Amino acid sequence: MDTKIVNIDSLNIDEDLINEAANIINSGGLVAFPTETVYGLGANGLDENAVKKIYEAKGRPQDNPLILHVSSKEDVKELVTHIPEVGLALMEKFWPGPLTLIFKRSEKVPDIITAGLDSVALRMPDNEIALKLIELSGKPIAAPSANNSGSPSPTNASHVVEDLKGKINMIIDGGNTKVGLESTILDLSGEVPSILRPGGITFEQLKTIIPNVIVDVSEMSEFQTPKSPGQKYKHYSPIADLIVFEGNVENISKAINEKVIELMDNGKKVGIMATEETKEQYPDGYVIVVGSREKTESIATNLFTAIRFFDKANVDTILAEGVEMDNIGTAIMNRLLKAASGKVIKV
Ligand code: TXA
Ligand code: MG
């Protein structure tokens, strides 16, 4: 398949191009588009056949449900049985934004979207191109992250090109995504609001609106069945081995340097995911500055790009500095620990 790649400026959206993209969605095709979190691979969320193509293009297991993206809070009504008070309050505060809410689904939502669950995941993205595309197509857009199943989520259009060129109809290049990690997933379909995936809207932020919010423990553990089916798959896995170092910063740098020597003595090519504050500490290895510890958001923004970069550089092992597990740090550590498949060194 020929994949058309187009540039759209979110501050000055080209009407013809965005109309063309909406027409592709409406005729059952696939369009990759930017959101504020990561790029999404979109199809008409009410068209079973179109949604099937998403699973095929990504090589995604069919038991992993999709998020429906809407362009207004109004659009939620017809997709759910009812909206609890807290749902309204959260939408008011955090939409558009990196927060996916799970509600009891209505009849209107096709089975293929929910993989048989009685709930549906909904999100209003904070990106003008995404909002316009949804609005013009007049449908909720089903969109997982626009990567091959198993590789890190794409944070710019070239990542999407690497993974999906030739398999989808169009890629909209709208520049780098802001947040860099996928949305927070909050389940409102049960008794207690629970976070199934940490992301751009933090536990601390959610607590201000819903003090009883909890983090689903299965999310962080390998030994329990996660409520969010996608969490059981090994995500974001780099080709290289990844080891996360947890502890205070000075100890981390020291331990990484020791590990670099050990690995290099064994003939390995080693990448170090460092920060502005620590970059001078590493005399050996291939060092990438992923962001600043003073501004943890910058680490989130660049994390997946850094992982893809190391893979392209063919490093054998990536040694990554851990960060504090609070605010956005919780989501960063969640992605790092998944990518590391449990390989953690506490110092
Ligand atoms: O930021 C994001 O959320 C991006 C952008 C494109 O919006 N999308 C994204 O989609 O990350 P995806 O498919 O890569 O991850 C969606 C996650 C999966 O882990 C899936 O299992 C979970 O949401 N999910 C979807 N519907 C669900 C439901 N009804 N109940 C529990 N988990 C659900
Ligand atoms: Mg994904």
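In this report, the structure presented in the accompanying data block is examined.

**Focus: unusual backbone geometry**
- Residue proline 96 follows tryptophan 95 across a cis peptide bond; omega there is -10°.
- Tracing the sequence through the fold places proline 96 in the loop between helix 3 (85–94) and strand 5 (99–104).
- We note that alanine 115 has phi near 50°; this positive angle belongs to a residue other than glycine.
- Considering the arrangement of structural elements, one finds alanine 115 in the loop between helix 4 (111–114) and strand 6 (119–123).
- Looking at alanine 115, the relative accessible area reads 30%, which means it is partly exposed.
- A positive phi angle, close to 45°, is found at serine 341, a residue other than glycine.
- Taking the relative accessible area as the measure of exposure, serine 341 reaches 37% and is therefore partly exposed.

**A few points about the packing of aromatic side chains**
- By the definition in use, this model includes one aromatic pair.
- Residues tyrosine 286 and phenylalanine 310 carry aromatic rings whose centres are separated by 6.1 Å and whose planes lie at 85° to one another, so their mutual orientation is edge-to-face. On the criterion of sequence distance, the pair formed by tyrosine 286 in strand 14 (residues 286–291) and phenylalanine 310 in helix 10 (residues 296–312) is long-range, its members being 24 residues apart.

**Some thoughts on helix 5 (residues 128–137)**
- All of the buried residues along helix 5 are Ile129, Ala130, Leu131, Leu133, Ile134 and Ser137.
- For helix 5, the secondary structure elements touched by its buried residues are helix 1 (15–26), strand 2 (31–33), strand 4 (67–69), strand 7 (141–142) and strand 8 (170–173).
- The N-capping residue of helix 5, defined by a side-chain oxygen 2.9 Å from the backbone nitrogen of isoleucine 129, is asparagine 127.

**Describing the sheet that holds strand 10 (residues 194–197)**
- Here we have 11 strands laid out as an open sheet, ordered 1-8-2-3-7-4-6-5-9-10-11, and mixed in their pairing. Edge positions in the sheet fall to strand 1 (4–7) and strand 11 (214–215), since each of these pairs with one other strand and no more.
- Pairing of strand 5 with strand 6 involves four bridges; the strand directions are antiparallel. Note that in strand 6 the partner of isoleucine 102 across the bridge is alanine 121.
- Strands strand 1, strand 2, strand 3 (40–44), strand 7 and strand 8 of the sheet are contacted by helix 1, whose axis makes an angle of about 145° with strand 8.

About the criteria used
What you see as residue numbers is a count from 1 along each chain, following the sequence as written. Here chains are named by letter from A upward and ligands by number from 1 upward, in the order in which they appear as written. Only residues with pLDDT of 70 or above have their local features reported here, since the model is predicted, and side-chain atom pairs are shown and tallied only from 80 upward, although totals for entire chains, interfaces and linings are computed over all residues. Side-chain numbers here rest on the full set of heavy atoms in the structure, without hydrogens or water. Runs of H or I in DSSP of at least four residues are treated as helices and runs of E of at least two as strands, each being numbered from the N terminus. Partly exposed describes any residue whose relative accessible area lies between the buried limit of under 20% and the exposed limit of over 50%, with all areas from a 1.4 Å probe on protein chains only and scaled to the type maximum. We call Phe, Tyr and Trp rings a pair once their centres come within 6.5 Å, taking the six-membered ring for Trp, and we label the pair stacked below 30 degrees between planes, edge-to-face above 60, and tilted otherwise. Here a residue-residue contact requires only that any non-hydrogen atoms of the pair lie within 4.5 Å. For the purposes of these results, a polar contact is taken to be a pair of N or O atoms within 3.5 Å, where, inside protein, one atom must be able to donate a hydrogen and its partner to accept one; residues adjacent in sequence count only when each atom of the pair is a side-chain atom. Two strands are counted as paired when DSSP detects at least two bridges linking them. Axes here mean lines fitted to C-alpha atoms, for a helix over just the part in contact, with angles spanning 0 to 180 degrees between N-to-C directions.

That's the geometry; what it means functionally is another story.
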